[in-house]
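Given next are the chains, with one letter for each unit.
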Amino acid sequence: MLKQYLQFKLSQKLSPQQIQLMKLIQLPTQAFEQRLKQELEENPALESGKDEPETINDEFDDVYDADTDAENINTDDINIDDYLSDDEVPDYRTKANNYSADDEDKNVPYAAGISFYQYLISQLNTSYLSDEEWSIAEFLIGSVDESGYIRRSLADITDDLAFTQNIYTDEKTVEKILALVQELDPPGVAARSLEECLLIQLRRKEVTPSIELATAILEKSFEQFTKKHYKKLIQKHNITEEELKEAITEIERLNPKPGGSYAGNNRMIEHVVPDFSIRIVEGELELTLNGRNAPELHVSKEYSNMLKGYKDAKEKSKSQKDTVLFIKQKLDAAKWFIDAIRQRQQTLFITMNAIMQYQKEYFLTGDERNLRPMILKDIADQIDMDVSTVSRVANSKYVDTPYGTKLIKEFFSESMKNDQGEDVSTKEIKKILETVIREESKKKPLTDDKLAAILKEKGYPIARRTVAKYREQLDIPVARLRKQI
């Protein structure tokens, strides 16, 4: 038997406008400009640039009072002053005194050129190949990735040639054509492994004792070389330590990613545009918001004139009233977007100002050891905002400081206790760890256990596994791989 009952549930949901505002706050300067451009294109009631104020007659107040019940079109809630009043024009503009007047709108030029694939194909044109050989070579070049490697087996390539190109051949033929492709520039291109890539480059060099030894090491002892088992290499190849050092020097001069050496490789380069700027003026910090985040916007005058035309019309048709409702929607969207930009600007400035004051000692000195432990909640509590809002501000945004352009989220770090019970930033510990490793003996690098002991002597009692974690975060290899002759 089915039972019926009532259930009341109270839940909080973000409105579409609030969701859009959160998205706007998260956007860095360049992405924000694209979003602004999109809104200007989609909403004809929104215009950029300065607006010339004009007088709006008070008689517009009751323009929609008449005929409100006709044909079931509700226009009672439309008040033209809400959209056109001169008193609100300054509010539409988001220009404020917290952005730099010296900001320049610089256009970044993009160099024209050919792709890496086209560069390789152009070299292939000088080779004498049959139609089938050309097709195989072209397919191989198409299989080269951005680093310059072919990551697929010859068996897979042979199968693909049959299924996609209708070319039936064998692996031996494909390997022969591959050898030809590997003669193209840059040296090492189309290699199937790091070992093969380095060997291709060595074989192009003038033969010397060091080159011969380097080639022998890669061919016969590649694994021992990568693991830096130098004593085993000396014994196996019956050489001196100096000879091994010269051979290793030759190998280190090679390019492990030949695809990256192509100057015409027109990959998209991200140009960092700082969202904020911090300057030191008479010993005090001064924060400015990039002026490109504070555009001047206003409601279109053409839409104002449409409302005037509707007011002046003696007879108001169904189509005219539909038009007024459409205008209202566009004006609402324009007003909301302008207000959202102003809120975004204020939120960015307030949040970054709190971060600047929290890390004041660092911004005045530039010494990373002065960075205080800081998490998102610390800033959220100061500015009385949600942690997610602070996260959106810090995400993918940059600040221009006297010490270079910095990613804002890099100022956040967890804290640890030193031997005196004081909270210190993990960034401070990482900086000291980096310095200790840089000054270590490269012939006998420090193990994680020894690094932990040194940090403990300096007043930072942390475990070996924590040292290993910080070392990996700094992209520093283990002691064995840091060893040099």
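Residues numbered from 1 in each chain as written. Predicted model: local features only at pLDDT ≥ 70, side-chain atom pairs only at ≥ 80, totals over all residues. Heavy atoms only, no water.

## Notes on a negative patch on the surface
Step number 1: Among the surface-exposed residues, D156, D159, D170, E171 and E175 lie close enough to one another that they form a single negatively charged patch.
Step number 2: If you list the elements that add at least two residues to the negative patch, you get α7 (154-164) and α8 (171-181).
Step number 3: You can see D156 is positioned in helix α7.
Step number 4: What makes D156 partly exposed here is its relative accessible area of 40%. (Patch = residues over 30% accessible without salt bridge, like charges linked within 9 Å, V, L, I, M, F, W, Y side chains within 5 Å. Areas by Shrake-Rupley, 256 points an atom, 1.4 Å probe, with all protein chains shown as cover. Salt bridge = Lys/Arg side-chain N within 4 Å of Asp/Glu carboxyl O. Lys, Arg positive; Asp, Glu negative; His and termini not counted. Charge placed at Lys NZ, Arg CZ, Asp CG, Glu CD. Helix = DSSP H or I, 4+ residues; strand = E, 2+ residues; numbered from the N terminus. Buried < 20%, exposed > 50% of the residue type's maximum accessible area, 1.4 Å probe, protein only.)

## Notes on the pattern of salt bridges
Step number 1: Going through the model one piece at a time under the given rule, you end up with 17 salt bridges.
Step number 2: Two residues, E219 and R203, come together in a salt bridge whose shortest N-O distance is 2.9 Å. With E219 in helix α10 (residues 209-220) and R203 in helix α9 (residues 194-203), this residue pair connects regions lying 16 residues apart in the sequence.
Step number 3: Through salt bridges with shared partners, a single ionic network connects E440, K442 and R482.

## Re the packing of α10 against helix α13 (residues 241-252)
Step number 1: The geometry of α10 relative to α13 is characterised by a closest axis approach of 8 Å and an angle of 80° between their N-to-C directions. Relative to α13, the element α10 lies roughly perpendicular. Residue-level inspection shows S210, I211, L213, A214, I217 and L218 of α10 in contact with α13, the latter providing E243, L244, E246, A247, E250 and I251.
Step number 2: Of the residues that constitute the contact of α10 with α13, the class distribution is 8 nonpolar, 1 polar and 3 charged. (Axes fitted to C-alpha atoms, helices over the stretch in contact; angles between N-to-C directions. Parallel < 35°, antiparallel > 145°, perpendicular 65-115°, else oblique. Contact = heavy atoms within 4.5 Å. Nonpolar A, V, L, I, M, F, W, Y, C, P; charged D, E, K, R; others polar.)

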